[in-house]
Amino acid sequence: MRFILTKRIVAVIIIVIAFGVLVFIGLYGGNKPLESIVTPPIATTDLGPKHEVIGYSVDGRAIEVFTYGGGNTHLLFVGGMHGGYEWNSVLLAYAFMDYLDIHPEAIPDGFGISVIPSINPDGVYKVIGKEGHFDIADVSTSGNFSPGRFNAHNVDLNRNFDCKWKSKSTWRGNVVSAGTAPFSEPETAALRDFVKNTDQQGVVFWHSQSNAVYASECENGILPVTRDIMNVYAKAAGYPAVDVFDAYEITGDSEGWLASIGIPAITVELSTHDTIEWSKNLAGVKALIGYYAQKNGVNK
Ligand SMILES: [Zn+2]
């Protein structure tokens with residue numbers, strides 16, 4: 001009797017141990033990765049913008065886009081279409097990125113704000129001699145910046161888009177190359193593909209130095225939202241709002257192409273070639289974001 005009882009006790013102990021092993025395997029074995037149990041979740045608030053390379057320039061320089069926030073409202077800001085000739089538009093784009101880095105609250109919920117700081121990096125390199133994020137101290141106080149306007153094929157990129165494209169176009173009194181076909185240049189093709197893959201609701205191009213905010217159109221007039229955002233940005237920033245740039249004929253411009261595919265786009269021309277007019281443009285950008293937040297019913 002005593003012996004049988006002992007056997008029963010041993011059997012119970014074995015069952016308890018076996019059960020314990022099964023519970024252990026259930027908790028820590030199988031397909032469940034160990035890290036998911038032992039590592040606390042990582043905070044995602046300060047990971048910075050999403051960084052993508054959307055293409056390469058003629059000379060192989062990366063064309064980068066940085067996207068802050070996320071959601072269904074996508075806005076895009078582009079600097080440096082005219083490269084080193086308008087290097088202040090690139091510096092303005094980098095200043096905007098620096099601002100978003102430390103002011104994530106500036107982006108409403110549901111907004112993805114993308115910045116392409118330098119769409120023509122070869123043109124910047126030609127006169128600045130730097131790649132990526134440069135500083136005003138890197139810019140020579142003298143010299144001829146005009147060659148930096150073009151890409152390494154000597155094409156004026158803002159004549160290479162698919163709106164009334166012609167192989168030769170104009171810049172002031174000069175004839176400029178517009179490429180061999182719409183989007184013949186890798187820089188413009190990269191922008192086209194990014195826009196087509198991301199459902200942008202508004203695009204702002206920073207240029208210099210005409211001191212105005214321009215609407216855009218191709219064959220069908222100015223889109224209502226384009227006129228709205230031209231006025232909103234111009235009023236907040238203190239630049240004149242101008243429907244159509246008519247100082248000379250422009251063909252194949254990026255803003256016109258966007259209008260032709262139904263995407264509102266404006267051109268913001270700084271008033272000089274060597275300042276970023278930060279407080280004015282910050283006010284313009286904030287007003288633009290506020291416009292879309294109100295339009296889309298987002299609480300800011
Ligand atoms: Zn320009």
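Thresholds applied
Along each chain, numbering runs from 1 in the same order as the chain's sequence is written. The model is predicted, so local features are restricted to residues of pLDDT at least 70 and side-chain atom pairs to those at 80 or more, both for listing and for counting; the totals for chains, interfaces and linings are taken over all residues. UniProt positions are given in the numbering used here, feature names are shortened, and annotations may be inferred rather than shown by experiment. A helix here means a DSSP run of H or I that spans at least four residues, while a strand means a run of E at least two residues long, and both kinds are numbered starting from the N terminus. Once C-beta atoms are placed from the backbone, each residue is buried if 20 or more other C-beta atoms lie within 10 Å of its own, exposed if 12 or fewer, and partly exposed for counts between those two. Here contacts are defined at the residue level, using C-beta atoms placed from the backbone and a cut-off of 7 Å between them. Buried Ala, Val, Leu, Ile, Met, Phe, Trp, Tyr and Cys residues whose C-beta atoms connect them within 7 Å together make up a nonpolar core. Only the stretch in contact is used when a helix axis is fitted, and all axes are lines through C-alpha atoms; the angle between N-to-C directions ranges over 0 to 180 degrees. A clockwise turn of the near helix away from the far one marks a right-handed crossing, whereas an anticlockwise turn of less than a right angle marks a left-handed crossing. Three residue categories are used. Nonpolar comprises Ala, Val, Leu, Ile, Met, Phe, Trp, Tyr, Cys and Pro, charged comprises Asp, Glu, Lys and Arg, and polar comprises the others, including Gly. A helix is expected to span 1.5 Å for every residue after the first. Should DSSP find at least two bridges between two strands, the strands are taken to pair. Scored from 0 to 100, pLDDT records how confident the predictor is in each individual residue. Here is how to tell: hold the view so the strands point away, follow the path from the first strand over the helix to the second, and if it runs clockwise the crossover is right-handed.

- An unreviewed UniProt entry lists the protein chain under the name Peptidase M14 domain-containing protein, with Candidatus Nomurabacteria bacterium CG1_02_47_685 as the source organism.
- The UniProt entry for the protein chain carries the following text under Cofactor (unreviewed entry): "Zn(2+)".

1. Notes on the overall build of the protein chain
Next up, step 1: A tally of helices and strands in the protein chain yields eight helices and 10 strands.
Next up, step 2: For the protein chain, the residues scored as buried account for 42% of the 300 residues in total.
Next up, step 3: Partitioning the contacts of the protein chain with sequence separation of at least 6, the portion at a separation of at least 24 is 74%.

2. Side note on the nonpolar core
Next up, step 1: Counting residues in hydrophobic clusters, the biggest one holds 68 residues, and the most contacted among them are Val78, Tyr233 and Ile266.
Next up, step 2: Here this core gets eight residues from one element, more than from any other, and that element is helix H3 (residues 87–102).
Next up, step 3: Non-local contacts of Ile266, meaning those with residues more than four positions away in its chain, are made with Val204, Val213, Tyr214, Ala215, Ser216, Thr226, Ile229, Met230 and Tyr233.

3. A closer look at the UniProt feature "active site" (unreviewed entry) in the protein chain
Next up, step 1: When the UniProt feature table is mapped onto this chain, "active site" (unreviewed entry) is found at Glu269.
Next up, step 2: By the secondary structure assignment, Glu269 is in strand S10 (residues 265–270).

4. Structural notes on the packing of helix H6 (residues 224–237) against helix H8 (residues 278–295)
Next up, step 1: Between H6 and H8, the shortest axis-to-axis distance is 7 Å and the interhelical angle comes to 140 degrees. Between H6 and H8 the crossing geometry is right-handed. Across the interface between the two elements, Asp228, Ile229, Val232, Tyr233, Ala236 and Ala237 from H6 touch Lys280, Asn281, Ala283, Gly284, Lys286, Ala287, Leu288 and Tyr291 from H8.
Next up, step 2: Along the lines of polarity and charge, the residues of the contact of H6 with H8 split into nine nonpolar, two polar and three charged.

5. A look at unusual backbone geometry
Next up, step 1: With omega at 15 degrees, the peptide bond leading from Ser208 into Gln209 counts as cis.
Next up, step 2: Not every positive phi belongs to a glycine, and Asn211 is a case in point at roughly 55 degrees.
Next up, step 3: With respect to the helices and strands, Asn211 occurs in the loop between strand S7 (202–208) and strand S8 (212–214).
Next up, step 4: Phi angles above zero are rare outside glycine, and Glu277 is one such case at about 50 degrees.
Next up, step 5: Within the secondary structure, Glu277 is located in the loop between S10 and H8.
Next up, step 6: Using a count of 21 C-beta atoms within 10 Å as the deciding quantity, one classes Glu277 as buried.

6. A short note on H3
Next up, step 1: With 16 residues, H3 extends 23 Å from end C-alpha to end C-alpha; this agrees with the ideal 22 Å at 1.5 Å per step.
Next up, step 2: Buried within H3 are the following residues: Trp87, Asn88, Ser89, Val90, Leu91, Leu92, Ala93, Tyr94, Phe96 and Leu100.

7. Some details on the pairing of strand S2 (residues 62–69)
For a regular strand, side-chain orientation follows a simple rule: the groups alternate between the two sheet faces.
Next up, step 1: One ladder, built from six bridges, connects strand S1 (residues 50–56) with S2; its direction is antiparallel. Bridging from a neighbouring strand, Gly55 pairs with Ile63 of S2.
Next up, step 2: Taken together, the four bridges between S2 and strand S4 (residues 111–116) define a ladder with antiparallel strand orientation. The residue of S4 that forms the bridge with Phe66 is Val115.

8. Points about the sheet that holds S1
Next up, step 1: Read from one edge of the open sheet, eight strands run S1-S2-S4-S3-S7-S10-S8-S9, paired in mixed fashion. Looking at which strands have only one partner, the edges of the open sheet turn out to be S1 and strand S9 (241–242).
Next up, step 2: Here S7 pairs with S10 via six bridges, running parallel. Paired with Val203 across the bridge in S10 is Ala265.
Next up, step 3: The strands that helix H5 (residues 186–198) touches are S1, S2 and strand S3 (73–79); relative to S1, the one it contacts most, it runs at about 135 degrees.

9. Topic: the environment of Asn220
Next up, step 1: With respect to the helices and strands, the residue Asn220 is situated in the loop between S8 and H6.
Next up, step 2: On the basis of neighbour count, Asn220 is assigned to the exposed category, with 9 C-beta atoms found within 10 Å.
Next up, step 3: Expressed as a C-alpha distance, the spacing of Asn220 and Ser260, which sit 40 residues apart in the sequence, is 7.4 Å.

10. Regarding the confidence of the model for the protein chain
Next up, step 1: Considering every residue of the protein chain, the mean pLDDT works out to 89; 84% of them sit at 70 or more.
Next up, step 2: Predicted confidence is poor over residues 22–44, with pLDDT under 50, and the contacts of this stretch with residues over four places away or in other chains come to four contacts.

11. What about the pairing of S3?
Next up, step 1: Burial of S3 is extensive: seven of the seven residues sit out of reach of the surface.
Next up, step 2: Residues Thr73, Leu75, Phe77 and Gly79 point to one face of S3 and His74, Leu76 and Val78 to the other, with burial holding for every one of them.
Next up, step 3: Note that S3 and S4 share six bridges and pair parallel. Looking at the pairing, Val78 lines up with Ile116 of S4.
Next up, step 4: Regarding the hand of the β-α-β motif, the stretch spanning S3, H3 and S4 is right-handed.
Next up, step 5: For S3 and S7, the ladder comprises five bridges, and the chain directions are parallel.

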